[in-house]
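Coordinates in review
Listed here are the chains, written in short residue letters.
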Amino acid sequence: MTRRYWNINLEEMMEAGVHFGHGTRKWNPRMAPYISAKRKGIHITNLTRTARFLSEACDLVFDAASRGKQFLIVGTKNKAADSVARAAIRARCHYVNKKWLGGMLTNWSTTETRLHKFRDLRMEQKMGRLNRLPKRDAAMLKRQLSHLQTYLGGIKYMTGLPDIVIIVDQHEEYTALRECITLGIPTICLIDTNCDPDLGDISIPANDDAIASIRLILNKLVFAICEGRSSYIINP
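Residues numbered from 1 in each chain as written. Predicted model: local features only at pLDDT ≥ 70, side-chain atom pairs only at ≥ 80, totals over all residues. Heavy atoms only, no water.

Topic: the pairing of strand β3 (residues 42-45)
Relative to β3, strand β1 (residues 20-23) runs antiparallel, the two sharing 2 bridges. Its bridge partner lying in β3, G23 is registered against I42. Across 4 bridges, strand β2 (residues 35-39) lies against β3 in antiparallel orientation. Directly across from I35, in β3, lies its bridge partner T45. Counting the residues between successive antiparallel strands, the hairpin from β2 to β3 contains 2 residues, one of them, K40, with a positive phi of roughly 55°. (Pairing = 2+ DSSP bridges. Helix = DSSP H or I, 4+ residues; strand = E, 2+ residues; numbered from the N terminus.)

Structure representation (structure tokens):
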């Protein structure tokens, strides 16, 4: 794997609040090696270890992107949703940022059927055909299209299972993580002090509640993906 310098700065991470964990009562003991201190009832994450794992994750996604691999970014809680969408669009990745529909990956044939329906309805709307239908039928199909856009809009161009899944808040997205484990899809997880660091292939200890923290971690990963994609375009 190509080793590169990703400019991961500890001071920058501190400013973004990456080091703030959950309250000391709300933690997973398996996170002990990644915690450096307790402060005012809050666990403090060891940013040196965070930087190390983030660097490893950047190396992994750079290498994968340079070989044309496909990524899915998952983060559905309100604080993560906008950052996930922006990061994914910037790096031309697929994303889920509203709700994880159970079986989205493990029951891919059903997801694929929904995506075909979604694409067909979008085309019907673009061609103006929905407006030619009776009002009741048109309203029903438009509601269906809106629903599909909300939950599948970020994966509308996905034609198969992703090669790597990036999960923002392992605890919140446990169903998505279990599906990846079942299918053997490598995962990169942003984990707070209440998570299990052994579940993801690469776990990045970081604050998963602060928008600035989520954005910083995603920006580093997205930069590495974009760099990798550039390398793939230059040397296909």
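Focus on the packing of aromatic side chains
On inspection of all chains with the given rule, the structure shows 3 aromatic pairs. With centroids separated by 6.2 Å and ring planes inclined at 80°, the aromatic side chains of W6 and F223 adopt a geometry described as edge-to-face. Here W6 is found in the segment before α1 (10-15), whereas its partner F223 is found in helix α7 (residues 211-234), with 217 residues between them in sequence. Since its relative accessible area comes to 6%, W6 is described here as buried. On the basis of relative accessibility, which here comes to 40%, the residue F223 falls in the partly exposed class. Over the ring of F118 we find R122, and its NZ or CZ is 5.7 Å from the ring centre. (Phe/Tyr/Trp six-rings, centres within 6.5 Å; stacked < 30°, edge-to-face > 60°. Buried < 20%, exposed > 50% of the residue type's maximum accessible area, 1.4 Å probe, protein only. Lys NZ or Arg CZ within 6 Å of the ring centre and 35° of its normal.)

Notes on the sheet that holds β2
Here 3 strands make up an open sheet; going across it, the order is β1-β3-β2 and the pairing antiparallel. With partners counted over all chains shown, the strands left at the sheet margins are β1 and β2, one partner each. Geometrically, the sheet is characterised by an average inter-axis angle of 30° between neighbouring strands, direction not taken into account. (Axes fitted to C-alpha atoms, helices over the stretch in contact; angles between N-to-C directions.)

Quick word on the pairing of strand β8 (residues 202-205)
Burial of the side chains of β8 extends over both faces: I202 and I204 are buried on one face and S203 and P205 on the other. When strand β7 (residues 187-191) meets β8, the two strands line up parallel, connected through 4 bridges. The partner of I188 across the bridge, within β8, is I202.

Side note on the domain arrangement of the chain
Taken domain by domain, the chain comprises domain 1 (15-103 + 162-230) and domain 2 (106-151). Domain 1 and domain 2 are separated by 32 Å when their C-alpha centres are compared. Facing 7 residues of domain 1, the contacting portion of domain 2 comprises 7 residues. Counting the surface lost from both domain 1 and domain 2, the interface buries some 610 Å², and carbon and sulfur atoms represent 62% of this. When the area that domain 1 buries against domain 2 is broken down by residue, the three leading residues are K98, L101 and G103, summing to 60%. Our count for the domain 1 to domain 2 interface comes out at 2 residue pairs in polar contact (both at pLDDT 80 or more). In terms of residue class, the side of domain 1 that touches domain 2 is made up of 2 nonpolar, 2 polar and 3 charged. (Domains from an automatic or database assignment. Contact = heavy atoms within 4.5 Å. Buried area = accessible area lost by both parts, 1.4 Å probe. Polar contact = N/O pair within 3.5 Å; in protein donor to acceptor, adjacent residues only side chain to side chain. Nonpolar A, V, L, I, M, F, W, Y, C, P; charged D, E, K, R; others polar.)

Describing the environment of V168
Examined against the element boundaries, V168 turns out to sit in strand β6 (residues 164-168). We classify V168 as buried; its relative accessible area is 2%. Between the alpha carbons of V168 and A80 there is a distance of 7.3 Å; along the sequence they are 88 residues apart. For V168, the contacting residues outside a window of four places in its chain are V74, G75, A80, V84, E173, L190, I214 and L218.

Description of the environment of L130
The residue L130 is located in the loop between α4 (108-126) and α5 (135-152) in this model. With a relative accessible area of 3%, L130 lands in the buried category. With 99 residues separating them along the chain, L130 and M31 place their C-alpha atoms 53 Å apart. Those residues in contact with L130, other than ones at most four positions away along the chain, are L121, E124, Q125, A138, L141 and K142.

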